[in-house]
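Coordinate inspection notes
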Amino acid sequence: MSRNILILNGSPRLRGNTSMLCKAFAEGAASAGHTVTRFDLARLDIRGCLGCAKGGKDPSSPCVQKDGMRDIYPAYHAADTVVLASPMYYWAVSGQLKTAFDRLFAAAECNPGYANPVKDCALVMAAEGDTPENWKPVLDWYHALTGFIGWRDLGTVLAGGVFEAGAVAGRPILEEAFRFGQGL
């Protein structure tokens, strides 16, 4: 069955390792007949959540702030699969990804009890470190997030040992990202 996949790329490096992983994943998913929409969050003007709890009145643009999230909300509603893509910054996702994800709460405000729309989810990440201890904090966050909001985790693509922009080029992890997208 064809999926509608939304990639939220939280990397500020538009030609960096995370972007290359997103591209490989998207190409694999498209080759399997899935529809892929990708947002490079660093290109969008997205302000931080105000914590006002005043969203949810208009499902097509649920947040009271009108900024770059306006483009994301319709794709988010249409998606059955959300890919969170980010470089690892201080053992967490980038500020760009965290800010955009926080703003998705306005979509939950459209539902009774602030129920999040049910989605499948995957994590794609690049990091300088490549040990289980290095990945643990972000994987703990990711699994807690998907568990609390009721999303089904489809898996992860973790590219460790890459720091300089483009360092992932030619590595087997790009083929793994392609196959992961293709296998959904």
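Here goes a summary of the coordinates provided.

1. Focus on the sheet that holds strand β5 (residues 152-159)
One open sheet holds the 5 strands; their spatial order is β2-β1-β3-β4-β5, and the pairing between them is parallel. The sheet is open, and its two borders are formed by β2 (35-40) and β5, each paired with just one other strand. Shown here is a sheet whose adjacent strand axes are inclined to one another by a mean of 15°, direction ignored. Note: strand β4 (residues 120-126) against β5, 7 bridges, orientation parallel. In the strand pairing of β5, V124 is matched with V157. With respect to the sheet, helix α1 (residues 17-31) is in contact with β1 (4-9), β2, β3 (81-87), β4 and β5, its orientation differing from that of β1 by roughly 175°.

2. What to know about helix α6 (residues 172-183)
With 12 residues, α6 ought to run about 16 Å at 1.5 Å a step, and its terminal C-alpha atoms sit 16 Å apart, in line with that. Three or more residues of α6 are buried, namely I173, L174, A177, F180 and G181. In an axial view of α6, the angular spread of the buried residues amounts to 120°, which keeps them on one side of the axis. Within α6, the exposed residues directed more than 90 degrees away from the buried face are P172 and G183.

3. Side note on the packing of aromatic side chains
If you walk through the whole model with that rule in mind, you get 5 aromatic pairs. Their ring planes at 40° and their centres at 6.4 Å tell us that Y76 and W151 sit as a pair that is tilted. With Y76 in helix α2 (residues 69-78) and W151 in the loop between α5 (132-149) and β5, the pair connects residues that are 75 residues apart, well separated along the chain. According to the relative accessible area criterion, W151 is buried, its value standing at 6%. Taken together, Y76, F101 and W151 form an aromatic cluster joined through their ring pairs. The ring of F163 carries the charged tip of R13 above its face, separated from the ring centre by 5.6 Å.

4. Focus: the nonpolar core
By size, the foremost hydrophobic cluster in this structure holds 33 residues, and its most contacted members are L8, L41, I72, L84 and L104. In terms of residues, this core owes the most to one element, α5, which gives 6 residues. Setting aside chain neighbours within four positions, we find L8 in contact with F39, L41, I72, V82, V83, L84, A85, L97 and L104. One finds I5, A122, V124 and I173 within the second-largest nonpolar core, a separate group that totals 22 residues.

5. What to know about the pattern of salt bridges
By the definition in use, this model includes 10 salt bridges. Ionic pairing is found between D80 and R3, a salt bridge with its closest N-O pair at 4.0 Å. Of this pair, D80 sits in the loop between α2 and β3 while R3 is found in the segment before β1, placing the two residues 77 residues apart along the sequence. Judged by its relative accessible area of 29%, D80 falls in the partly exposed class. The class for R3 is buried, based on a relative accessible area of 15%. With its nearest N and O atoms 3.4 Å apart, the salt bridge here joins R47 to D45.

Each value, and the rule that gives it
Residues numbered from 1 in each chain as written. Predicted model: local features only at pLDDT ≥ 70, side-chain atom pairs only at ≥ 80, totals over all residues. Heavy atoms only, no water. Pairing = 2+ DSSP bridges. Helix = DSSP H or I, 4+ residues; strand = E, 2+ residues; numbered from the N terminus. Axes fitted to C-alpha atoms, helices over the stretch in contact; angles between N-to-C directions. Contact = heavy atoms within 4.5 Å. Expected span 1.5 Å × (residues − 1). Buried < 20%, exposed > 50% of the residue type's maximum accessible area, 1.4 Å probe, protein only. Arc of directions from axis to C-beta. Phe/Tyr/Trp six-rings, centres within 6.5 Å; stacked < 30°, edge-to-face > 60°. Lys NZ or Arg CZ within 6 Å of the ring centre and 35° of its normal. Core = buried A, V, L, I, M, F, W, Y, C linked by side-chain atoms within 4.5 Å. Salt bridge = Lys/Arg side-chain N within 4 Å of Asp/Glu carboxyl O.

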